[in-house]
There are 2 protein chains.
Amino acid sequence: MAEPLTREGILDSAEQVLRRYGPAKTTVVDVARALEVSHGSVYRHFPSKAALRDAVTQRWLDRISAPLAEVAAGSGSAEERLRAWVRTLAGTKQGIAREDPELFATFRRVTDEAGEVVAAHVGHLAGQAGRIVADGVASGELAAVDPVVAGRAVLQATALFHHPAHADEWGDPLLADQMEAVLDLLLDGLRPRR
Amino acid sequence: MAEPLTREGILDSAEQVLRRYGPAKTTVVDVARALEVSHGSVYRHFPSKAALRDAVTQRWLDRISAPLAEVAAGSGSAEERLRAWVRTLAGTKQGIAREDPELFATFRRVTDEAGEVVAAHVGHLAGQAGRIVADGVASGELAAVDPVVAGRAVLQATALFHHPAHADEWGDPLLADQMEAVLDLLLDGLRPRR
C-alpha cells in the first residue's frame, strides 16, 4: 500500500479482520497481510496481539463514550442531563446491536478478553454520571451523600438497558417504557426531601 | 431400575445427564438410558425433548423463587422485606455460580433455549417485588404511582447482581457494597415525600 502506515490505519484494518475471522483466529500477520505490509511494520506500532486488541477495543469504547461526554457536560438541569445520558448510552449500544449485529458480536468477544480496558471504560462512564449528580447536588437540585457512589449506582442500575450481556433482551417492545420507569425511580431517589 | 418411574425421578436424572453432556447433546434416549428404562417410558411423562427441558428449567427456577416467596410474604417493614428479597435473589444466584459453576453454566445454556419458561419466571419475580411495594404503599411506608411498575423496576435495576448474564462480574469484591448503594437509591425513590 502506498499511504504511510498510521496507527489509525492499522486499527481500521484490524477491525475489519476481527470482524471477518473473529478474535480467536485473528493474528497480527492477518492484519499486516490485509494492509499489504510486513508484520514487523504493525509490531512497530503495537508490540503484541494483545496490545493491538486492546487498542481496537479502546477506540470502539471511546466512540461510545464521546457523545456521552457531550451530554454530561451539556446545559439543562441535572435531571434532564442524567436522563439524556442514560438514554444516549442505551440507545447507542442497542443501535449497534440492532443495525450491525456482526460488529456487535465481534466486539462482545473482544471486550470479554480486554478486561482492563473495559474496567477503565466502565469507571469512566460511572465518573460521567457522577459528575452530573455532583452538578445537581451543587445546585441544590439533587441530593446524594456521595455523588461518586450515586453515579456508579445509576450506571449499574441501568445495566439491563445498555450492558452488552443483555443484548438478547433488547428486542422486547416494553423495554423503552421499563427503562423510563427505572429512571423515574432513580431520579425520585436522587431528589432532595424538603 | 426397581422403583416406579416418577416425574421427579426423570427430572433428577435429566439434570445429571444435562450436566454431563450439555443441553445441545442431551437426548431423551440418554435420559432413559441413565434411568435404565425405555425412551417410551420417559415420553409418557414428557411428550418431547423440549417439554423435558422446559420442566427441568421450571423446577430449577422454582427452587430459586421458593425462598423468595417466603421473604416477600414475611413480616417486617416493606423496606426491610424488599432489601432482603433482592439480597436473597442475588445471594442465591451468586452462590450457585460460585459453588457449582458447572451446574450454573449448564442452566445458563438451558434457560437460553427455554424462553417462555424464563419469561414466566421473570414475571413471577417482578410480581413478588410488586407485592412488597404494594404492601408498603398500603401501609403508607412507601409511595409508588403503580406498584406493579415499581416492582418490575426494582427487579430490573438490580439485574447486575442477580441476572446470570453478569456472572463473570460477580467476583468483584466491591459488588456487595455497590448493590447496597443501588438498593439505597431505589428505596429513597420509593419513600413518600412528606
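This one's a predicted model, so the numbers in the text were calculated from it and none came from an experiment. Within any chain, residue numbers begin from 1 and follow the written order of that chain's sequence. Whichever chain is written first becomes A and whichever ligand is written first becomes 1, with later ones labelled in order. A pLDDT threshold of at least 70 governs which residues receive local features in this predicted model, and a stricter bar of 80 or more applies before side-chain atom pairs are shown or counted, although totals over entire chains, interfaces and linings include all residues. Each side-chain value is derived from all of the structure's non-hydrogen atoms; neither hydrogens nor water enter the calculation.

Engineer: Looking at this structure, I do not really get the overall build of chain A. What am I missing?
Structural biologist: Put simply, DSSP H or I for four residues or longer makes a helix, DSSP E for two residues or longer makes a strand, and each gets a number counted from the N terminus. When helices and strands are tallied, chain A shows 10 helices and 0 strands. With respect to the three principal axes, the spread of C-alpha positions in chain A is 65 × 35 × 25 Å. The proportion of buried residues among the 194 residues of chain A is 47%. Considering only contacts within chain A whose residues lie at least 6 apart along the sequence, 69% involve residues at least 24 apart. Total accessible area computed for chain A in this model is approximately 9,300 Å², and 54% of it derives from carbon and sulfur atoms. For chain A, the distance from the average position of its 22 positive side-chain charges to the average position of its 27 negative side-chain charges is 3 Å. Think of it in three bands: residues with accessible area under 20% of the maximum for their type are buried, residues over 50% are exposed, and the middle band is partly exposed, with areas taken using a 1.4 Å probe on protein chains only. Any two residues having at least one pair of non-hydrogen atoms within 4.5 Å are treated as being in contact. Surface exposure here means Shrake-Rupley accessible area, sampled with a 1.4 Å probe, where a residue is shielded only by the protein chains that are shown. Positive charge is attributed to Lys and Arg, negative charge to Asp and Glu, and no charge count is given to His or to the chain ends. All charge positions are set by atom: Lys at NZ, Arg at CZ, Asp at CG, Glu at CD.

Engineer: Help me understand the packing of aromatic side chains in this model?
Structural biologist: Both the distance between ring centres and the angle between the ring planes are used here to describe each pair of aromatic rings. Residues and elements named next belong to chain A. A pair of Phe, Tyr and Trp rings is counted when the ring centres sit within 6.5 Å of each other, with Trp represented by its six-membered ring. The angle between the planes then sorts it: under 30 degrees is stacked, over 60 is edge-to-face, the rest tilted. Evaluation of the coordinates by the stated rule reveals 4 aromatic pairs over all chains. Seen in terms of ring centroids, Trp60 and Phe107 are 4.3 Å apart; in terms of plane orientation they differ by 5°. Their pairing is stacked. Pair noted here: Trp60 is in helix 4 (residues 49-73) and Phe107 is in helix 6 (residues 101-113), with a separation of 47 residues, a long-range link. Residues Trp60 and Phe107 agree in their burial class; the two are buried. Directly above the ring of Tyr21 sits Arg20, whose terminal nitrogen or CZ lies 5.7 Å from the centroid. Working rule: Lys NZ or Arg CZ, within 6 Å of ring centre, within 35 degrees of ring normal, means a charge sits over the ring.

Engineer: Help me understand empty space enclosed by the protein, please; the structure alone is not making it clear to me.
Structural biologist: One way to see where empty space is left: roll a probe the size of a water molecule over the atoms. All names here are of chain A. Any residue with an atom within 4 Å of a point lines the site, the site being either a cavity, points on a 1 Å grid over the protein atoms alone where a 1.4 Å probe fits but cannot get out, or a pocket, an open set with protein on both sides within 12 Å along at least 5 of 7 lines. Grid points are joined across faces, edges and corners, and a volume is the space filled by probe spheres set on the points. Using the criterion set out here, one finds 1 cavity of 30 Å³ or more in the structure. Computed from the structure, the largest cavity encloses a volume of approximately 90 Å³. Surrounding the largest cavity, Ala14, Leu18, Pro23, Thr26, Thr27, Val28, Lys49, Leu52, Arg53, Val56 and Glu113 form its lining. Those elements that place two or more of their residues in the lining of the largest cavity are helix 1 (7-21) and helix 4. Examining the composition of the lining of the largest cavity, we find that 4 residues originate from one element, helix 4, more than from any other. Here the residues of the lining of the largest cavity sort into 6 nonpolar, 2 polar and 3 charged. For this classification, the nonpolar set comprises Ala, Val, Leu, Ile, Met, Phe, Trp, Tyr, Cys and Pro, the charged set comprises Asp, Glu, Lys and Arg, and every other residue, Gly included, is treated as polar.

Engineer: So what exactly am I meant to see when it comes to the UniProt feature "DNA-binding region" (unreviewed entry) in chain A here?
Structural biologist: UniProt positions are given in the numbering used here, feature names are shortened, and annotations may be inferred rather than shown by experiment. UniProt's entry tags residues 27-46 of chain A with the feature "DNA-binding region" (unreviewed entry), counted in the numbering of this structure. Helix makes up 75% of residues 27-46 of chain A and strand 0%, with an end-to-end C-alpha separation of 12 Å.

Engineer: It is not clear to me how the layout of surface pockets should be interpreted in this structure. Could you clarify?
Structural biologist: Taken as a whole, the second largest pocket spans an internal volume of roughly 260 Å³. Around the second largest pocket sit 15 residues that line it, and A:Ala144, A:Val145, B:Asp184, B:Leu185 and B:Asp188 are the ones nearest its centre. Secondary structure elements with two or more residues in the lining of the second largest pocket: helix 8 (147-157) and helix 10 (175-190) of chain A together with helix 10 (175-190) of chain B. Broken down by element, the lining of the second largest pocket gets its largest block of residues, 4 residues, from helix 10 of chain B.

Engineer: Whenever I open this one, the environment of A:Gly151 confuses me. Can you help?
Structural biologist: Residue and element names in this part refer to chain A. Inspection of the secondary structure puts Gly151 in helix 8. With 18 residues separating them along the chain, Gly151 and Glu169 place their C-alpha atoms 24 Å apart. Aside from chain neighbours lying at most four places away, what touches Gly151 is Ala126, Ala129, Gly130 and Val133.

Engineer: I would appreciate a short explanation of the domain arrangement of chain A in the present structure.
Structural biologist: Often, the extent of an interface is quoted as the loss of accessible area on bringing the components together. Residue and element names in this part refer to chain A. Residue ranges assigned to the domains are those given by an automatic or database domain assignment. When cut into domains, chain A gives domain 1 (7-45) and domain 2 (60-190). For domain 1 versus domain 2, the separation of C-alpha centres amounts to 31 Å. At the interface, 5 residues of domain 1 touch 9 residues of domain 2. Using a 1.4 Å probe, buried area is obtained as the accessible area two parts lose upon being combined, added over both of them. At the boundary of domain 1 with domain 2, total buried surface from both sides reaches about 680 Å², with 52% on carbon and sulfur atoms. If you sort the residues of domain 1 by the area they bury against domain 2, Glu15, Arg19 and Pro23 come out on top, with a joint share of 82%. By definition, a salt bridge exists where a carboxyl oxygen of Asp or Glu is found within 4 Å of a side-chain nitrogen of Lys or Arg. For the pair domain 1 and domain 2, the interface holds 3 salt bridges. Side-chain atoms alone can form a polar contact between residues adjacent in sequence; in general such a contact is a pair of N or O atoms within 3.5 Å, and within protein one must be able to donate a hydrogen while the other accepts it. Counting the contacts that link domain 1 with domain 2 gives 3 residue pairs in polar contact (both at pLDDT 80 or more).

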